[in-house]
Amino acid sequence: MTHLWVRAEQRPNEERVGLTPEGAKALIDAGIRVTVEESHVRAIPIDGYIAAGCKIAAENTWPDAPQDAVIFGLKELPEDGTPLPHRHILFGHAYKGQPSGQILLQRFKAGDGILYDLEYLVDENGRRVAAFGYWAGFAGAAVSLKCWAAQQHSEICGPVGVYKDKDALLDDLKTTLDATGAPRPTAIVIGALGRVGSGASDLCAAMDVATTKWDMAETASGGPFPEILQHDMFVNSIFASPGTPVFVPASAKTDPRKLTVIGDVACDPDSDFSPIKVYDHTTTWDEPALRVADNPPLDVTAIDNLPSMLPVESSQDYAAQLLPSLLTLGTLDTGVWGRAKATFDSHIANL
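Small disclaimer: the values here were computed from a predicted structure and weren't measured. (Residues numbered from 1 in each chain as written. Predicted model: local features only at pLDDT ≥ 70, side-chain atom pairs only at ≥ 80, totals over all residues. Heavy atoms only, no water.)

**Details of the packing of aromatic side chains**
Line of reasoning, step 1. One pass over the full model with this rule turns up twelve aromatic pairs.
Line of reasoning, step 2. Geometrically, the ring pair formed by tyrosine 95 and tyrosine 120 is edge-to-face, given 4.9 Å between the ring centres and 65° between the ring planes. You can see tyrosine 95 sitting in the loop between β5 (87-90) and α3 (99-111) and its partner tyrosine 120 sitting in the loop between β6 (114-117) and α4 (133-152), a full 25 residues away along the chain.
Line of reasoning, step 3. Tyrosine 95 sits in the buried class, given a relative accessible area of 10%. (Phe/Tyr/Trp six-rings, centres within 6.5 Å; stacked < 30°, edge-to-face > 60°. Helix = DSSP H or I, 4+ residues; strand = E, 2+ residues; numbered from the N terminus. Buried < 20%, exposed > 50% of the residue type's maximum accessible area, 1.4 Å probe, protein only.)

**With respect to the sheet that holds strand β9 (residues 233-236)**
Line of reasoning, step 1. The mixed open sheet is built from six strands, whose spatial order is β8-β7-β9-β10-β12-β11. This sheet does not close on itself; its edge strands, each paired only once, are β8 (210-214) and β11 (290-293). Each neighbouring strand pair of the sheet contributes to a mean axis angle of 20°, computed without reference to strand direction.
Line of reasoning, step 2. As paired elements, strand β7 (residues 186-190) and β8 share five bridges and run parallel to each other. Across the sheet, isoleucine 188 pairs through a bridge with threonine 212, a residue of β8.
Line of reasoning, step 3. Running at roughly 160° to strand β10 (residues 261-264), α4 makes contact with β9, β10, β11 and β12 (298-301) of the sheet.
Line of reasoning, step 4. On top of the sheet, helix α6 (residues 195-206) reaches β7, β8 and β9; it is set at about 165° to β7, its chief contact. (Pairing = 2+ DSSP bridges. Axes fitted to C-alpha atoms, helices over the stretch in contact; angles between N-to-C directions. Contact = heavy atoms within 4.5 Å.)

**Quick word on the environment of aspartate 117**
Line of reasoning, step 1. Looking at where aspartate 117 falls in the secondary structure, it is placed in strand β6.
Line of reasoning, step 2. Since its relative accessible area comes to 1%, aspartate 117 is described here as buried.
Line of reasoning, step 3. For the pair aspartate 117 and lysine 341, spaced 224 residues apart in sequence, the C-alpha to C-alpha distance is 8.4 Å.
Line of reasoning, step 4. Residue contacts for aspartate 117: discarding those within four places in its chain leaves Leu90, Phe91, Gly92, His93, Ala94 and Tyr95.
Line of reasoning, step 5. A polar atom in the side chain of aspartate 117 sits 3.1 Å from the backbone nitrogen of glycine 92. (Polar contact = N/O pair within 3.5 Å; in protein donor to acceptor, adjacent residues only side chain to side chain.)

**Observations concerning the sheet that holds β6**
Line of reasoning, step 1. Within the open sheet, the six strands sit side by side as β3-β2-β1-β4-β5-β6. Their pairing is parallel. Either end of the sheet is taken by a strand with one partner, and the two such strands are β3 (55-57) and β6. Between one strand axis and the next, the sheet turns through 25° on average, direction left out of account.
Line of reasoning, step 2. Of the strand pairs in this sheet, strand β1 (residues 3-6) and strand β2 (residues 33-37) are connected by four bridges, and their pairing is parallel. Paired with histidine 3 across the strands is arginine 33, a residue of β2.

**What about unusual backbone geometry?**
Line of reasoning, step 1. Cis rather than trans, the peptide bond between glycine 223 and proline 224 has omega equal to 5°.
Line of reasoning, step 2. Counting through the fold element by element, proline 224 comes out in the loop between α7 (216-219) and α8 (226-229).
Line of reasoning, step 3. Residues asparagine 295 and proline 296 are joined by a peptide bond in cis, for which omega reads 0°.
Line of reasoning, step 4. Mapping proline 296 onto the fold places it in the loop between β11 and β12.
Line of reasoning, step 5. The residue asparagine 13 is not glycine, and still its phi comes out positive at about 60°.
Line of reasoning, step 6. By secondary structure assignment, the location of asparagine 13 is in the loop between β1 and α1 (21-29).
Line of reasoning, step 7. Overall, asparagine 13 belongs to the partly exposed group, its relative accessible area being 36%.

**Quick look at the nonpolar core**
Line of reasoning, step 1. Core analysis: the largest hydrophobic core is formed by 50 residues, its most contacted members being Leu4, Leu19, Phe72, Ile89, Leu118, Leu326 and Trp337.
Line of reasoning, step 2. Sorting elements by how many residues they give to this core places helix α10 (residues 335-349) first, with five residues.
Line of reasoning, step 3. Counting residues in hydrophobic clusters, the runner-up holds 38 residues, among them Tyr163, Leu170, Ala187 and Leu310. (Core = buried A, V, L, I, M, F, W, Y, C linked by side-chain atoms within 4.5 Å.)

**With respect to empty space enclosed by the protein**
Line of reasoning, step 1. For the structure on display, the rule yields three cavities of 30 Å³ or more.
Line of reasoning, step 2. Lining of the largest cavity is provided by 15 residues; of these, Arg7, Glu9, Arg16, Val17 and Arg42 occupy positions nearest its centre.
Line of reasoning, step 3. Broken down by class, the residue content of the lining of the largest cavity amounts to six nonpolar, three polar and six charged. (1 Å grid on protein atoms, 1.4 Å probe; cavity = no way out; pocket = protein on both sides within 12 Å on 5 of 7 lines; lining within 4 Å. Points joined across faces, edges and corners; volume = space filled by probe spheres on them. Nonpolar A, V, L, I, M, F, W, Y, C, P; charged D, E, K, R; others polar.)

**Points about the pattern of salt bridges**
Line of reasoning, step 1. Under the defined criterion, the tally for this structure stands at 15 salt bridges.
Line of reasoning, step 2. In this structure, the salt-bridge partner of aspartate 80 is arginine 107, at a minimum N-O distance of 2.8 Å. You can see aspartate 80 sitting in the loop between β4 (70-72) and β5 and its partner arginine 107 sitting in helix α3, a full 27 residues away along the chain.
Line of reasoning, step 3. Owing to a relative accessible area of 7%, arginine 107 belongs among the buried residues under this scheme.
Line of reasoning, step 4. For arginine 184, the salt bridge identified is with aspartate 178, shortest N-O distance 3.0 Å.
Line of reasoning, step 5. Given the relative accessible area of 38%, aspartate 178 is considered partly exposed.
Line of reasoning, step 6. Connected through salt bridges with shared partners, the residues Arg11, Glu76 and Asp304 form a single ionic network. (Salt bridge = Lys/Arg side-chain N within 4 Å of Asp/Glu carboxyl O.)

Here it is, written out as C-alpha cells:
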C-alpha cells in the first residue's frame, strides 16, 4: 500500500500544508495510507485529519518513518547535513545552481533517496500542475506597498506577519496606506498574465494602485527596460530561468529613477538567472526590506514563503490543485511523478 507521510513544517513562519483533511480522506478512500504529523503551527487543525482517518504521528518524526513512506512537506528540510534515504515531495530550490540546493542534492545522493520537487511537477505539456503563485503575488504586492508606506515616513518596513484571511490583510494595508497622507504609488507588474502576476495585480487593484501590466510580449526585446525605473514600485512575477532578461540591472542603484520599491516575488537572488541584479539575498518576516540605495531610497523585499501570510486560503487553493496528482502516487514511475524523477536524476548525474 502506498504510504504518504505529511510532515510538520520546521521553517519559521510556515503554517501552510499541502493536503487538507478533505484531500486526505480522498486519498484514504483511494487506498493510500496517510500519516499526518502533529504540528504546533499548522493553520489547519489536526482534528480534521483525525476525523478523515489519518494516522497521527508526533511532530518532526519523519526521519524515523518507514523506508517505503513518501515524505510530503512544502518548505526546506533542516540543514543538518544528514543523508536522506526516503522519497521526498517538497520545494527543493535545487535545480538552478543554488548553493544550498547543491548541498540538498548531495544529501539525497548520500542517502539514495529521491526528490520529487513540487516546482517541477508538470503535465505532458510542461505546465506545473499546482502552484502557490496567486497568493505569493497577492502577499508580495502587499509587502511591497508596506515598504513604500514606510518610506513615506522616512522609515524602513518593520516586521510582517500572518493574517487570518485576505480581508484582514486588505483592511490593515488600506489603513497603512491611508496613514501616509500621500497619493497612491504607481506600480508595474511583470508576468502579469501568470498566477503570480494576477495575484499581485489584484492586490494593487484592491488598493487603488495604478498598475502597468507587462508579460512576455513587452519583455521580448531583452531590455533594457527604462519604464521600470519610471514607476514607484516594481513587482517581479517571473520565475528565473535561462534566457530571462535582466529587468533591474546593478546600475539602477545610481541611475535616475522614480522607483523606490522592488518586490521580487520570484525571490531567487542566488540564481545566475535572477533578473534583479541589485541584491543578493532574501529578506525575512522580521526584516522584510533590504535597503540597497539611498537618495532616493531603493528597498527590495524578497520573502520566499509569502503565501504563508495567508496560510488557510493558500493551503486550500494549493491542495486542491495538487490532489489529482497525489491520487496517482501508486504509479510513481509514470506521469507527473515520473517526469519529476527524471529531472531529479539528471541533476544528480551532474553533481
